[in-house]
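What follows is each chain in one-letter form.
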Amino acid sequence: MKSLELLTRRNIWKLKPYSSARDEYSGHEAHVFLDANENPYNQPYNRYPDPLQWQLKKFIAKIKQVDERQIFLGNGSDEAIDLCYRVFTEPKMDNVVAIEPTYGMYKVCADINDVEYRKVLLDDNFDISAQRILQRTDKHTKIVWICSPNNPTGNNLNAEEIEKVIQEFQGLVVIDEAYGEFSAQRSWRTRLKDFPNIIVLNTMSKAWGCAGLRMGMAFASEEIIGLFNKVKYPYNLNQLTQQKALEMMKDPFKVREWVNILLQERTRLIKAFSQLPCCMKVYPTDANFFLAVVTDANAIYSYLIEHGVVVRNRNNVQLCNNCLRITVGTKNENNELLGALRQLK
Ligand SMILES: *Cc1c(COP(=O)(O)O)cnc(C)c1O
């Protein structure tokens, strides 16, 4: 790995971050707060939240088995994705390499930040080749984007190939594990000590059932997390989100139960879906959704909309001709989908 200084955008490396009122007093006991121009009324919403969310991070550190200083919390994983560009890439000069097809935000954030986005097509099994990824990198490549289990394909990518990329690439490798809880694969978060150049993304939006809260997590070396903290908005995670996330973290068993139910439902749904006349193929999945090739994705998508059922049409995505991406819902929701499709002529 190159030095972190070489991998960081120059102005960010030199940046002196905003110091909030709450940053400056911290470490002392206090009970009268006249430092932040807050209104003393309307407790508890009158106070600015903890900019570094320490209470919450202590819980997350236990659940995710990392050091609390190796955690960044953001307004969804999307904040962490954008921060990767704003912290490390020099607009108009640097580039990133990503698997294709994958989650759309990596490219949108590249475009917003005016950074070249290089796609490396997955193979016929939607798997990666380290060699092909590494071939696309050059001295201006700062980040390689990997998503496993991948969206929209649903599968885990080959861990040995991912490790090869991590070992040989001189820049940063982001591994998005938004669907990690649904998969048996070991999290890359557990390898932070071995690999100082990885950034692992997790989220509250999928298995944790909290997409509305907007909370994503990045796990990386303390140095990388320090750079994220320098650039993020001081109060990027609001008080209500911090409170509710803490409450969720105190009861992780519920999440395990949801995951078990959804995995059972996934098996049942895929079995029934595969027998539909409109289904050509269902790809293997390690997530709470599956990708299916159907006879006519556009027509079936519209037909389902007319029946009040929304799925994701991935027909225009590379390698996903006539593919629909279908999320596993409750038993009743899944039955509505199946019922509608059984009546399709
Ligand atoms: C859903 C999803 C996310 C979650 O994003 P949030 O901003 O945390 O809601 C991240 N990555 C991938 C690949 C996803 O599919």
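It should be noted that the structure appears before, not after, this text.
Owing to the predicted nature of the structure, the values given are computational and were not obtained by experimental measurement.

Participant: Explain the site of the ligand to me, please; I cannot follow it from the model alone.
Facilitator: Near the ligand lie 14 residues; those nearest to it are D176, Y179, T203, S205 and K206. Between the ligand and Y179, the relevant distance is 2.6 Å, taken from an oxygen atom to a side-chain nitrogen or oxygen of the residue. Summarising the interface, the protein chains cover 94% of the accessible area of the ligand, which totals 390 Å² for the free molecule. Along the lines of polarity and charge, the residues of the shell around the ligand split into five nonpolar, five polar and four charged.

Participant: In this structure, what is going on with the packing of helix 5 (residues 77-88) against helix 9 (residues 222-231)? I would like to understand it.
Facilitator: In a pair of packed helices, the angle between the axes and the distance between the axes together describe the arrangement. Where helix 5 meets helix 9, the axes come as close as 10 Å, and the angle between the chain directions of the two elements is 95°. Taken together, the axis directions place helix 5 and helix 9 in an arrangement best described as roughly perpendicular. Across the interface between the two elements, A80, L83, C84, R86, V87 and F88 from helix 5 touch I224, L227, F228 and V231 from helix 9. Residues that form the contact of helix 5 with helix 9 fall into these classes: nine nonpolar, no polar and one charged.

Participant: Would you mind showing me how to read the sheet that holds strand 7 (residues 216-219) here?
Facilitator: The strands making up a sheet are joined through hydrogen bonds of the backbone, oriented either antiparallel or parallel. The mixed open sheet is built from seven strands, whose spatial order is 1-7-6-5-4-2-3. If you trace the sheet from one side to the other, it starts and ends with strand 1 (71-74) and strand 3 (116-121), each paired once. The sheet shows a mean angle of 20° between the axes of neighbouring strands, taken without regard to direction. Note: strand 2 (residues 95-100) against strand 3, six bridges, orientation parallel. Residue pairing for strand 3: I99 is matched across the bridge by V120.

Participant: Is there a simple way to think about the sheet that holds strand 10 (residues 312-313) in this case?
Facilitator: The four strands are arranged 8-9-11-10 in an open sheet whose pairing can be described as antiparallel. Among the strands making up the open sheet, the edge pair consists of strand 8 (279-282) and strand 10. Both strand 10 and strand 11 (residues 323-327) contribute to a ladder of two bridges, which runs antiparallel. When the sheet's bridge partners are listed, N313 is paired in strand 11 with L324.

Participant: Quick question: what am I supposed to make of the nonpolar core here?
Facilitator: Note that soluble globular proteins tend to have their nonpolar side chains buried in a common cluster. With 86 residues, the main nonpolar core has Y85, W145, I199, M215 and F228 as its most contacted residues. Residue contributions to this core peak at seven residues, all from helix 5. Not counting chain neighbours up to four residues away, the residues in contact with Y85 comprise R9, V96, Y106, C109, A110, N113, V115, Y117 and W145. By size, the runner-up hydrophobic cluster in this structure holds 24 residues, among which are A292, V311, I326 and A340.

Participant: Explain the side chain of S187 to me, please; I cannot follow it from the model alone.
Facilitator: If you trace the backbone, S187 turns up in the loop between strand 5 (172-176) and strand 6 (198-203). Take S187: its relative accessible area is 12%, and that puts it in the buried class. Within the local environment of S187, its side chain forms a polar contact with the side chain of E177, the two groups lying 2.7 Å apart. A distance of 3.0 Å separates a polar atom in the side chain of S187 from the backbone nitrogen of R189. The residues contacting S187, other than those within four sequence positions of it, are E177 and V200.

Parameters and conventions
- Residues numbered from 1 in each chain as written.
- Predicted model: local features only at pLDDT ≥ 70, side-chain atom pairs only at ≥ 80, totals over all residues.
- Heavy atoms only, no water.
- Near = heavy atom within 4 Å.
- Polar contact = N/O pair within 3.5 Å; in protein donor to acceptor, adjacent residues only side chain to side chain.
- Areas by Shrake-Rupley, 256 points an atom, 1.4 Å probe, with all protein chains shown as cover.
- Nonpolar A, V, L, I, M, F, W, Y, C, P; charged D, E, K, R; others polar.
- Axes fitted to C-alpha atoms, helices over the stretch in contact; angles between N-to-C directions.
- Helix = DSSP H or I, 4+ residues; strand = E, 2+ residues; numbered from the N terminus.
- Parallel < 35°, antiparallel > 145°, perpendicular 65-115°, else oblique.
- Contact = heavy atoms within 4.5 Å.
- Pairing = 2+ DSSP bridges.
- Core = buried A, V, L, I, M, F, W, Y, C linked by side-chain atoms within 4.5 Å.
- Buried < 20%, exposed > 50% of the residue type's maximum accessible area, 1.4 Å probe, protein only.

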